[in-house]
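Reading the structure
One letter stands for each residue in the lines below.
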Amino acid sequence: MQKLETLMLEKAKNLLSSGEVSRVLGWKKGELGYDVEPSVFTSAQSLDNFVYNVFCGANLSKYLVQETKKEGKILVFLKPCDSYSFNQLIKEHRINKDKVYTVGVECQGKIDNYKLKENGIEVVESFDEEVDFVTVNGKKFTKGEIVLGKCSVCEKKLLDYDEVISINEKRSPDKDRFEMVKKLESMTADERYAFWKDQLSNCIRCNACRNVCPACTCTKCVFDNDNSGIASKANSDSFEEKMFHIIRAFHVAGRCTDCGECSRVCPQHIPLHLLNRKFIGDINRLYGTYQAGEDTTSKGPLTDYTKQDVDPSDVFGG
Amino acid sequence: MQEINKEKKPLIVAFCCNWCSYAGADLAGSSRLSYPADVKIIRVPCSCRVNPMFILKAFQRGADGVIICGCHPGDCHYTTGNYYARRRMSLLFSMLDYLGIERERTRVEWVSAAEGAKFSKVMNEFASKINELGENKRLEDLRCKN
Ligand code: SF4
Ligand code: SF4
Ligand code: FES
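One structure accompanies this document, and this report is about it. Remember, predicted model here, so these are calculated numbers, not experimental data.

Let us look at the overall build of chain B. Scanning chain B for helices and strands turns up 5 helices and 4 strands. Taking 146 residues into account, the globule formula puts the C-alpha radius of gyration at 15 Å, and chain B, at 15 Å, falls close to it. Across its three principal directions, the C-alpha atoms of chain B cover 45 × 35 × 25 Å. Expressed as a percentage of the 146 residues in chain B, the buried residues total 56%. Sequence-distant contacts, at least 24 apart, represent 81% of the contacts inside chain B between residues at least 6 apart. Carbon and sulfur atoms form 51% of the exposed surface of chain B, whose accessible area is close to 6,300 Å². For chain B, the distance from the average site of its 22 positive side-chain charges to the average site of its 16 negative ones is 5 Å.

All names here are of chain B. Of all 6 residues in strand β1 (residues 12–17), 6 are buried, a share of seventy percent or more. Because side chains alternate across β1, one face comprises the buried residues Ile12, Ala14 and Cys16, and the other comprises Val13, Phe15 and Cys17, equally buried. Each parallel crossover has a hand, and for β1 linked through helix α2 (residues 21–30) to strand β2 (residues 39–44) it is right-handed. When β1 meets strand β3 (residues 65–70), the two strands line up parallel, connected through 5 bridges. Of the residues in β3, the one forming a bridge with Ile12 is Gly65.

At the interface, 34 residues of chain B touch 49 residues of chain A. Between chain B and chain A the total buried area reaches about 4,100 Å² when both faces are included, carbon and sulfur atoms providing 63% of it. Summed over the three residues of chain B that lose the most area to chain A, namely Arg87, Tyr98 and Arg143 of chain B, the buried surface amounts to 25% of that side. Taken together, chain B and chain A are joined by 5 salt bridges. Close ionic contact of Asp311 of chain A with Arg86 of chain B constitutes a salt bridge, the shortest N to O distance being 3.6 Å. Remark: the boundary between chain B and chain A carries 16 residue pairs in polar contact (both at pLDDT 80 or more). Those elements that place two or more of their residues in the side of chain B that touches chain A are α3 (52–60), α4 (81–98) and β4 (106–110) of chain B. Among the elements that make up the side of chain B that touches chain A, the one with the highest residue count is α4 of chain B (15 residues). Its residues assigned to classes, the side of chain B that touches chain A comprises 19 nonpolar, 5 polar and 10 charged.

Thresholds applied
Residues numbered from 1 in each chain as written. Chains lettered and ligands numbered in written order. Predicted model: local features only at pLDDT ≥ 70, side-chain atom pairs only at ≥ 80, totals over all residues. Heavy atoms only, no water. Helix = DSSP H or I, 4+ residues; strand = E, 2+ residues; numbered from the N terminus. Rg over C-alpha atoms; globule rule 2.2 N^0.38 Å. Buried < 20%, exposed > 50% of the residue type's maximum accessible area, 1.4 Å probe, protein only. Contact = heavy atoms within 4.5 Å. Areas by Shrake-Rupley, 256 points an atom, 1.4 Å probe, with all protein chains shown as cover. Lys, Arg positive; Asp, Glu negative; His and termini not counted. Charge placed at Lys NZ, Arg CZ, Asp CG, Glu CD. Right-handed = clockwise from strand over helix to strand, strands pointing away. Pairing = 2+ DSSP bridges. Buried area = accessible area lost by both parts, 1.4 Å probe. Salt bridge = Lys/Arg side-chain N within 4 Å of Asp/Glu carboxyl O. Polar contact = N/O pair within 3.5 Å; in protein donor to acceptor, adjacent residues only side chain to side chain. Nonpolar A, V, L, I, M, F, W, Y, C, P; charged D, E, K, R; others polar.

The following block contains the structure:
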């Protein structure tokens, strides 16, 4: 995979030096091997810290909302999942496409740092990645063991870009992404309530899931309202953040591309994607299959209707 | 405190569209058709004005049931508002169900200005359903109740 990084670096340096772009949005090395973070590079020299490896799970598309408001053009590297978010943002007129140069990059799945920790790896001293395996500190893992949840169901489809950098064949997903949603749907209401109460009671309302979400780009969020009645009050019941979670998921319903960022960043490991996928599944079933971000022009399912739509009373569970 | 809670009657919030169901409620009243006093009507300009947040907020603050009444599909004063509302509510109610919230606590009904009798029937039925279900515990938020 080292090769990919080299090709990307070359591309970035060329575009920077030719003046075609003034900045590069990519991923930057951290201190500990696994703590790679999104970064804007403004010179060939700063690109010394540029990386592209198995730790680059972060979606870069949302940064473009602010970045494309600035002077000059920016080069961005987009993984398949990032590109869906990118398209969705174009569709919603949140990104100025004229100010971006998009390069699609191959992705074979990224590592979930939490899963590494579960396997006893606190610091990454060395790693080596192949298409199906990753060796970290000399310990060999199959991708399936430590990959992000979103990657195990990802089609790894490369959309339209200005350019694409890809070496290996894409792999098909090894799992059905609705598996767990279906399982929950087949439970009784009480079981589902118990499941969600248990999960959501872990929420510390750090708002990371909201902040990272490429579909959440409102300038002022309804949850930052001091008059909400809950601001600076401690929970008195462990399920009290459900309002936040229902509204967060509803707000992105029909726009969520299933990029999996919310679940990736949650410090409490709450499976937020299961809320998003419930909406995605329902939309597919009730209004026809729809993939947000697949194109930049079609109408979203919640900004559209047909006269024959079912009534809410006819929609039942699964 | 305990005593008062025990005797608590169910509280129902009905979001009624100004152009149809709200007038339907009026007609029910002037035709002397009764509907439960536990139903608190909130007038909205169109069924699609109802933000999912309104519904959750009502539950947080102690509603035991929430019903949204709008013009019949095809008859919306703004032509298409209720079509959008229909999709939103279908998805929202399905999500509530997914979280294990009792299905029957939420409902959408299409009631025209001429349907005073339907309004009263719908509200009576809904109120008795909510009575059966009892107090809403799963969606309340003690921080929002005073
Ligand atoms: S979801 Fe797909 S494109 Fe995104 S990081 Fe995982 S494998 Fe790569
Ligand atoms: S990231 Fe996790 S803990 Fe933080 S607000 Fe979201 S669900 Fe709650
Ligand atoms: S005006 Fe009554 S539902 Fe739109």
